[in-house]
Amino acid sequence: MSGRLSPGIIVILALLAGFVFAAAGADLLAHNDPLRQSLLMRLRPPGTSTATTSYLLGTDDLGRDLLARILYGARASLMVAILSVSVSLLVGAMLGLLAGWFRGWTAILVMRFVDTMLSIPAILLAVLTVAVLGPGFLTLVLVLGLTRWPRYTRVAYAQTLQVVTLPYIRAAEMAGCGPVRILLRHILPNIAGPLMVVATSEFGLMILFEAGLSFLGLGVQPPYPSWGSIMAAGRQYVQRAWWLTVFPGAALFVLVLCVNLFGDWLRDRVDPQSRSR
Amino acid sequence: MIRQLAGRVGQAIVATFGVLTIVFFIMRLSGDPTLLLVPEGATAQQIAELRHALGFDRPLLVQYVAYLADLARLDLGESLVQRAGVAGIVAERIPYTVALATGALLVALGIGIPAGVAMAVWRGSVLERALAGFVLTGQSLPTFWSGILLILLFGVALGWLPTSGADSLQSLVMPSIALGALTMSTFARMTRIAVLDELSRDYVTAARARGLSLRAAVLRHVLRNAAIPVVTIAALEVGNLLAGAVIVETVFAWPGIGQLAIQSIAARDFLVVQAIVLFVSTVYIGMNLLADIAYAVIDPRIRLEQ
Amino acid sequence: MRHLVLAFLAAAATPTLALPKDALTVDLPGDVATMDPQLQWDTESYSVYRNIFDNLVTRDASGKIVPQVATAWRYTDDTTIVFDLRTDIVFQDGTPLTPDDVVFSVRRITDPALKSPQLSQFDQIASAEVIGPAQVALHTKTPYPVLLAQLVKLSIVPKAYVEKVGDQKFNQEPIGSGPYRLRTWQRGVQSVLDSVDSYWHSKPPFRTVTFRAVPDGPTRIADLRTGRADITRGLSPDDAESVKSDKSLQLLPVATERVAYLFVNTLATPTKDKRVRQAIAMAIDRDAIISALQQGYAKPVNIVLTPANFGYVADVPGWPYDPARARALIKEAGADGATLNFITSPAYDRRLNEAVQQMLGDVGLKVEISVTDQPTYLRRRQGTPEEAGSLSQGRWSCACQDADGVIFPLFRSGSIWSKMNNPTFDAEVDAARTILDPGKRLEHYRRAFEILREEVPGIGLFQDYAIYLARKELKWTPTANEAFFVMDMRWQP
C-alpha cells in the first residue's frame, strides 16, 4: 500500500489530533477555571453570560463552567485510557505470545491464569481493588490495566496458535531464525491486527469503564473532572439540564468512534496478508 | 481425547480454586462487615463483641481454612446480612441473570454477526461506514446514561415498555438492548475481520476462480472458518454478561446476580460474593472449555493442548 | 418548547392509568435485608417489616410517644418501668399476643447470641419480666430517660412461633400482629403484603401493598411518572424540582430528625488547632448551601441537632458566616495553605462535599476529598484520630429523636465516632442520660452544646428533609422519624 491517505482517515486523524490538542491545551483553551464554583449560577443553559464571563456550554450543578470541565476532563479520560490500555496490551500480548509459542505447560499455566482472571467479572474486581488500595488516578490505571490484560492474551494466544502452523514460520525456523526474532518479526506482525482491534475497542471501553466507576462513585477523585464523572453527576439532570450529559457524551462518542475506525484502518495497514493484495 | 479432556477439566478446577482464593483474600483485605451491621451509636466494645461473634477476629488463614472446609462439605454458608442460606440467595437470582444474558447475546449476535459479514463483503462502501457507526453507538455511550434515555423514551414518552422490574417478557427488552449493545460492535468487528481474513485466503480465490459466487463462498467456507475468533469472543463475553451487567441491572432494577454482587460487596457480605464468583467462574471456565473443544472441531489445524 | 414536550409526556403517561383502589405499590431504593424485625434496621427493611409487626409504643404524627401494644406505662422507681398491655391483639397465626411475647421480644433482641445489629439500642435494659396477666416490667441498668424513645423501635414477635420454626425460617416467613402479613418475598425483586382485615386497630387501607426494589433514582421517578409505582422515597432536592411540573404527582417533603453536619477532627491533623476549627465554622456559608444546593429543602440549625429531637437548645448561637475573620484566624494559627483530608463515600451528597471544599479553599485551606466505598469510609471515620482525616460529612439520625442518640455517640470520648476528648462535655452528656427529669436533662445539654460551640468537633449544617414522591391521589403525612406506616396512608380521589 502506498502512502496515500483516504479523505475519511484524514478526517479521523484530524479529529483525534483535535482531542489530544484539546486535552493538552486545556489551560489555554478554557477561559474559566474548571473548579471554580458559583452556587448562584448553577445549572445555567449553554450560552449564558454574565458581566464578567460567559458559559458557552452552560454550567453544572455547582455552577462550574461545563466547557472548561469537558476540556480538562478530556485530559483525565485520555490519560486513564491510554495508560491502562498500554499496561494491559503489554502484559497481555507478551503472555499470549509466549503461551502460543511454547505451548505445553507454559500455555497451560498462562491460559489457566487467564481463565482465573477473566472469570472474575472485571467490574467486581475493580470495585474490590479500589476498596483495598484506596481511590486515585494511579489506582485507576492499575486496576483497569491489570484486570483487562487477559483479553489480549486470549486473542494473542489463539492467533499465535494459528500463525505458527503457517508454512513460512516453519521455513523461517528452518532458515535458522532464533525464537525471539521469529516471535517479534514474523509472528507479532501477523497477530498485531487482531490485537490492535482489541486495543482500540478496549480504549473506548476503558473510557466507559472509568465512567462506570464514576457512576459507582469510585472514579477520578472530585473536584477534578473526567468525562465519566461529569456524565455520572449529570445523569440526575437528564431532563432538567440536558447539556450536562449531552456534551460530554457527544465528545466521548466521537472519540471512541474515531479510535475504533482508526483501529480498523491501522489493522488493514499492518496486516501483511491484506497488504499483499 | 478423553484423557485430554479430563486434564482440561482438572485445570479448570484448579483455576476455579485460584479465583476463590484471590477473591477471598482481596475481600478480607477490604475490611469486614461488622461496622455496617451495628447501629450508629454502638460503642467500641459492642463492635468488638459483634466482630467476635461473627468470627472476623480470627486469623485470616484460619478463616480461609474454615471457608474451604465448609466448601468441601458443599456448604456455602449463611449470609451475614440477610441471615439466610447463601445458596438460596444466589440461586434465586440465576434465572434472571440467565434470561438477561440470553437476551443480550441474542441482541449482540443477531445484529453483530450479519452486520460484520455485510461490512466485510461490502468493504469500503457507504454501507460499511454506516454499519460501523451504528454498531459502535452502543459501545460508545455509558450505559448509565443510555439506559435512562431508553427508559425516558420507550417507557415514559412512548409508554411501550415497562420502566423497571422483571415481571414480564417486555421488561426484559430494554435491559437486553442496553447490555447487548455493549458487545454488539465487538462481534461485528471480529466477524468483519475474520471474514476479510478468510476472503483473502487462497482457497476462496481458488473457489471463486472455479466460478463459485461470492455469496456461496461466504456461506459455504468463509463463515465456518471465521467462526473461530467469534467463538473466542463469545466465550470471553459470557463472564461479563453474567455478573458484569452491574450497571444495566442497577438502572433497570433487574434482579440479576450482578446487582446482588455489587450490593454484597458494598455490604461486605463475603459469603454471597464468593458464591457468586464461584458460580460465574464455573460457568465461564466451562464455556471456555467448550470453546476450546469447538476450535478443535471447527479447525483441524488446532489440537487441544495436552 | 420544553414545556410543551413535558406536557406531552405527562399527557401520554396519564390516561392509561385507572386509579388502583385496592393496591399500593412502593418503589424502595433497595430490597429488604431481613424480614425479622429484630435483625437489620436499614430504612428499606424498616419500611416493610414494621407494617407486619406492632411495636410496644409508637409515635403519632406530631412525634409524641403514644400507646400501641402497651396502653399505659409508669415508672415504679428510677430503673423500673411497668407497661399495661392490650389483651385483644392476635398474631396472624391466630394466637393471642401475651405478656410472654413482649418479654420474649425484649430478651431475644438483647441476647448477644442473636447477634442483632440493634443490640446497642436496647442494651441498657437489664431484664424483663411478666408481672400480671396483662403487665410487664422492664428494668434498666441505670435510670435511662431514652428508654421509651428506643422502645418505639421494639417490634413484638410471637414467642411460640419463633421457638417452633427457628430464627432462619422466622426471617423467611415472619408472623406478626400488624396490619399486614407477608404473602411473598422475592429477594431482590419485591415483597408483597396482604392486609389483615381483622387488625385490632382498624381495617388496613389497601388490600395489597407491594414493595419493589429499584436501586436507581431516575428509574424510580420514571416508575412514578408511568404509574408503575404509587410512592417512592429518597428524592434529592434537585429531583424534586424536576418533577414539580408533573400534574399527576405530588411531592411530600418533611423536615426530619436527621441533621446534616460537618465532622471536624480535634485530635489530629491541622484541625487539631481550635482556631482552625472555629475558622472552618465561619467559612461555611450555610445559607448558600440551604438555598442553592438544598433548594430550600432544609432548615438552618445552630447546633449539631435538629428541633425534632429532645435536647435542642435554640439559644446557643452558631458561628456566623464571616470569611474575612476566618482567613485572619487561619493566618493567626499559621495554617494558611494547610491540607485537610476530607474523607467520604458515595453515600453522601457529592455536591455538598465539593461546595465545602471551595468555601474552605477561599479562606486559605486546601481540602482534598477522598471517596472510598462505604465500609472503607466507616473504617477510617471510626478508626484512630490519625486515620479519620480532618473533615467528613454526615447525616445523622438515631431514630430516637433525643440528643442522647446524637451528640453522645458523636462526641463523647471513647465512642468510635468521637474525635474529641473533653471531660467536662463527657460529664454533661453522661449526666443527661442517667436522670429522668426532662428539665434537668435540658440544662445538661445546654452546657454540652456550649462546649461544642467553643470546641467545634462538628458543625451543624442543616436539618435534613425526607422527600417522597407520590401519586396525587395518595393521602399521607410523612413524619420526622422517616417511618413508613402504610396504615397512615389513604387513596383519596
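Residues numbered from 1 in each chain as written. Chains lettered and ligands numbered in written order. Predicted model: local features only at pLDDT ≥ 70, side-chain atom pairs only at ≥ 80, totals over all residues.

Visitor: Just give me the short version of the overall build of chain A, but keep the residues and values in it.
Guide: Secondary structure summary: chain A contains 11 helices and two strands in total. Overall, the C-alpha framework of chain A stretches about 75 × 50 × 30 Å when taken along its three principal axes. Sorting the 277 residues of chain A into buried and exposed places 55% on the buried side. (Helix = DSSP H or I, 4+ residues; strand = E, 2+ residues; numbered from the N terminus. Buried ≥ 20, exposed ≤ 12 C-beta atoms within 10 Å, placed from the backbone.)

Visitor: I'd like a description of unusual backbone geometry, backed by residues and values.
Guide: All names here are of chain C. One non-glycine residue, K115, lies in the positive phi region at around 55°. Within the secondary structure, K115 is located in the loop between α3 (99–110) and α4 (119–122). In this model, Q295 sits at a positive phi of 50°, which is unusual for a non-glycine residue. Relative to the assigned elements, Q295 resides in the loop between α10 (286–293) and β13 (298–299). Looking at Q295, the number of C-beta atoms within 10 Å reads 16, which means it is partly exposed.

Visitor: Talk me through the packing of helix α8 (residues 179–215) of chain A against helix α8 (residues 170–199) of chain B; I want residue IDs and the actual numbers.
Guide: What describes two packed helices is the angle between their axes and the distance between those same axes. As a packed pair, α8(A) and α8(B) sit with axes 11 Å apart at the nearest point and diverge in direction by 165°. Classified by the angle between their axes, α8(A) and α8(B) sit roughly antiparallel to one another. For the element pair α8(A) and α8(B), the recorded crossing hand is right-handed. Packed against α8(A), whose contacting residues are A:G193, A:P194, A:V197 and A:S201, the element α8(B) presents B:T186, B:R189 and B:I193 at the interface. (Axes fitted to C-alpha atoms, helices over the stretch in contact; angles between N-to-C directions. Parallel < 35°, antiparallel > 145°, perpendicular 65-115°, else oblique. Left-handed = near helix turned anticlockwise from the far one by under 90°. Contact = placed C-beta atoms within 7 Å.)

Visitor: I'd like a rundown of the interface of chain B and chain A, residues and numbers included.
Guide: With 49 residues of chain B in contact, the opposing surface of chain A contributes 50 residues. Within the residue set of the side of chain B that touches chain A, elements represented by two or more residues are α1 (2–29), α6 (126–137), α7 (143–157), α8, α10 (214–243), α11 (246–251), α12 (257–266) and α13 (270–298) of chain B. Element by element, the count of residues in the side of chain B that touches chain A is highest for α1(B), at 10 residues. Looking at the side of chain B that touches chain A residue by residue, the class counts come to 32 nonpolar, 14 polar and three charged. (Nonpolar A, V, L, I, M, F, W, Y, C, P; charged D, E, K, R; others polar.)

Visitor: Before we move on, can you summarise the pairing of strand β1 (residues 23–28) of chain C with the specific residues and values?
Guide: Residues and elements named next belong to chain C. Among the six residues of β1, five are classified as buried, and the element is accordingly described as predominantly covered. Bridge analysis of β1 against strand β10 (residues 208–213) gives six bridges, and the strand direction is parallel. Note on β10: the bridge partner recorded for L28 is A213. With two bridges joining them, β1 and strand β11 (residues 231–232) adopt parallel strand pairing. (Pairing = 2+ DSSP bridges.)

Visitor: Please set out the packing of helix α5 (residues 122–133) of chain A against α12(B) residue by residue, giving values where relevant.
Guide: Taken N-terminus to C-terminus, the directions of α5(A) and α12(B) make an angle of 10°; their axes are 11 Å apart at the nearest point. As far as their axial angle goes, α12(B) and α5(A) are roughly parallel. In contact with A:L124, A:V127 and A:L128 of α5(A), α12(B) contributes B:A261, B:I262 and B:I265. Considering only residue class, the contact of α5(A) with α12(B) consists of six nonpolar, no polar and no charged.

Visitor: Kindly report on helix α3 (residues 66–102) of chain A, identifying the contributing residues and their values.
Guide: Look at α3(A): 53 Å from first C-alpha to last across 37 residues, which is about the 54 Å you get at 1.5 Å a residue. In terms of residue burial, α3(A) counts as a mostly covered element, since 27 of its 37 residues are buried. (Expected span 1.5 Å × (residues − 1).)

Visitor: How would you sum up the nonpolar core? Please name residues and give values.
Guide: Membership of the largest hydrophobic core comes to 323 residues, with the highest contact counts inside it found for A:V127, B:I276 and C:I407. Examining the composition of this core, we find that 19 residues originate from one element, α3(A), more than from any other. (Core = buried A, V, L, I, M, F, W, Y, C linked by C-beta atoms within 7 Å.)

Visitor: An account of the sheet that holds strand β5 (residues 80–85) of chain C is needed here, citing residue identities and associated values.
Guide: All names here are of chain C. Read from one edge to the other, the open sheet built from four strands follows the order β4-β5-β7-β6, with strand pairing classed as antiparallel. With partners counted over all chains shown, the strands left at the sheet margins are β4 (70–77) and β6 (125–132), one partner each. Ignoring strand direction, the axes of neighbouring strands in this sheet form an average angle of 20°. Against the sheet, α3 makes contact with β5, β6 and β7 (135–140), and its axis sits at roughly 170° relative to β6, the strand it touches most.

Visitor: Tell me about the interface of chain B and chain C, and please be specific about residues and values.
Guide: In this assembly, 47 residues from chain B lie in contact with 49 residues from chain C. Of all the secondary-structure elements, those providing two or more residues to the side of chain B that touches chain C are α2 (34–37), α3 (44–54), α5 (86–121), α7, α11 and α12 of chain B. It is α3(B) that contributes the most residues to the side of chain B that touches chain C, seven residues altogether. Here the residues of the side of chain B that touches chain C are counted per class, giving 28 nonpolar, 13 polar and six charged.

Geometric values such as these leave the question of function open.
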